[in-house]
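# Descriptive analysis of the structure
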Amino acid sequence: MNMITGFIEPTEGEIIVEGYDISKKPKKAKSQIGYMPEGVPLYSDLTVKEFVNYMAELKRVDRKVRKERVEKIIDNVLNKLDFNEEFIYKEKIACILHDTGAILGKENHAYRSYLFAKDYFINNDIKFDDINLILDAIRNHSDGFETDNLYGIILIFADKLDMTKERISASGKKVKGNKEYSHVNDIDITIENNILKIDFITDGKVNLNEINEYYFTKKIFKGVESFSNKLDLKYI
């Protein structure tokens, strides 16, 4: 693995990654690989946000989009609901860390994200009230719709609503149902008089039948329902 990823140079033979020789064209070869080695000193020297930005840089995620994904929904919703700054700060920690495991693929990424966050806190001697609730929120953010953990419900809500065209990868645009999110330009969330209203701003080209039948759309509405029920909101 160290030779394939370029950490150790092979003494003989060739290693070809998607047509690129790792010794002759290392940058192009490495750009085809998703790999997070354990025990690299760099990770423990970074803040949480620096680590996420570093990983996003490797995946060429735009800085502006990156910041909006991490903070926009959390800031918008929790400030409208008058949550205190300490709670919002802790929720942002969960939000920033919840997808770190996805660098190795989406399958089981929530559990990998939980392990990374747990190790990160321990290795850097980070302690704060509700740390176990934050870890639980990260671990269960994919399908923990019935949780009593408020941090978890809010994370699920924000994570599921983070589905606009900027999030859709090139391969995702080829998947029936998923490709329809590439027509979603933005999501507007308003909360007035205990009524939650969510407007999906599109380019007018969405195939409603396909997007409504897609499994993730059902997760979005389930996340909104769980969030609304937990906070005694009506949603339209």
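Residues numbered from 1 in each chain as written. Predicted model: local features only at pLDDT ≥ 70, side-chain atom pairs only at ≥ 80, totals over all residues. Heavy atoms only, no water.

## With respect to the overall build of the protein
Tallying secondary structure elements over the protein gives ten helices and five strands in all. In the protein, buried positions account for 41% of the 236 residues. Relative to all contacts within the protein whose residues are 6 or more apart in sequence, the contacts with residues 24 or more apart total 53%. Summed over all atoms, the accessible surface of the protein reaches about 14200 Å², with 49% contributed by carbon and sulfur. (Helix = DSSP H or I, 4+ residues; strand = E, 2+ residues; numbered from the N terminus. Buried < 20%, exposed > 50% of the residue type's maximum accessible area, 1.4 Å probe, protein only. Contact = heavy atoms within 4.5 Å. Areas by Shrake-Rupley, 256 points an atom, 1.4 Å probe, with all protein chains shown as cover.)

## Regarding the pairing of strand 3 (residues 184–192)
Pairing of strand 3 with strand 4 (residues 195–202), which is carried by eight bridges, proceeds in the antiparallel orientation. The residue bridging aspartate 186 from the neighbouring strand is isoleucine 201, located in strand 4. Between strand 3 and strand 4, which follow one another and run antiparallel, lie two residues, and asparagine 193 among them has a positive phi close to 55°. (Pairing = 2+ DSSP bridges.)

## Here's the deal with the side chain of threonine 217
The residue threonine 217 is located in helix 10 (residues 215–230) in this model. Here tyrosine 181 takes part through its side chain, which lies 2.5 Å from a polar atom of the side chain of threonine 217. In contact with threonine 217, other than residues within four places in its own chain, are Tyr181, Ile211 and Asn212. (Polar contact = N/O pair within 3.5 Å; in protein donor to acceptor, adjacent residues only side chain to side chain.)

## What about the pattern of salt bridges?
In a structure, side chains of opposite charge can pair up when their charged atoms sit close to one another. Going through the model one piece at a time under the given rule, you end up with six salt bridges. Between lysine 127 and aspartate 125 there is a salt bridge, and its shortest N-O distance comes to 3.7 Å. By relative accessible area, which is 70% here, lysine 127 ends up exposed. Close ionic contact of lysine 219 with aspartate 143 constitutes a salt bridge, the shortest N to O distance being 2.9 Å. On the criterion of sequence distance, the pair formed by lysine 219 in helix 10 and aspartate 143 in the loop between helix 7 (131–139) and helix 8 (150–161) is long-range, its members being 76 residues apart. For lysine 219, a relative accessible area of 21% translates into the label partly exposed. Note on aspartate 143: relative accessible area 51%, which makes it exposed. A network of salt bridges, in which partner residues are shared, links Glu86, Lys90 and Asp130. (Salt bridge = Lys/Arg side-chain N within 4 Å of Asp/Glu carboxyl O.)

## As for the sheet that holds strand 4
Pairing is mixed in the open sheet, where three strands are placed in the order 3-4-5. With one partner strand each, in any of the chains shown, strand 3 and strand 5 (234–235) form the two edges of the open sheet.

## Quick notes on the packing of aromatic side chains
Enumeration according to the criterion identifies ten aromatic pairs in this entry. Between phenylalanine 121 and phenylalanine 128, the aromatic rings sit 5.6 Å apart at their centres with planes inclined by 85°, giving edge-to-face as the arrangement. The exposure class assigned to phenylalanine 121 is buried, which follows from its relative accessible area of 4%. Every member of this aromatic cluster is reached through a ring pair, and the members are Tyr181, Tyr214, Tyr215 and Phe216. (Phe/Tyr/Trp six-rings, centres within 6.5 Å; stacked < 30°, edge-to-face > 60°.)

## Details of the pairing of strand 4
The side chains of a regular strand alternate between both faces of the sheet. Looking at chain direction, strand 4 and strand 5 are connected through two bridges and run parallel. Counterpart to leucine 196 in the pairing with strand 5 is tyrosine 235.

## What to know about the nonpolar core
One finds Phe157 and Leu196 to be the most contacted residues of the largest nonpolar core, which totals 45 residues. Of all the secondary-structure elements, those providing two or more residues to this core are helix 4 (63–80), helix 5 (85–97), helix 6 (109–123), helix 7, helix 8, strand 3, strand 4 and helix 10. Examining the composition of this core, we find that seven residues originate from one element, helix 8, more than from any other. Setting aside its immediate chain neighbours within four residues, leucine 196 contacts Phe157, Ile189, Thr190, Ile191, Val224, Phe227, Ser228, Leu233, Lys234, Tyr235 and Ile236. (Core = buried A, V, L, I, M, F, W, Y, C linked by side-chain atoms within 4.5 Å.)

## Some points on helix 5
Helix length check: helix 5 (13 residues) gives 18 Å between terminal C-alpha atoms against 18 Å at 1.5 Å per residue, within 8%. Counting buried positions over the 13 residues of helix 5 gives ten, a clear majority of the element. For helix 5, the full list of buried residues reads Phe87, Ile88, Lys90, Glu91, Lys92, Ile93, Ala94, Cys95, Ile96 and Leu97. (Expected span 1.5 Å × (residues − 1).)

## Description of the environment of glutamate 213
Looking at the secondary structure, you find glutamate 213 in helix 9 (residues 208–213). Linking glutamate 213 and glycine 177, residues 36 residues apart in sequence, is a C-alpha distance of 7.2 Å.

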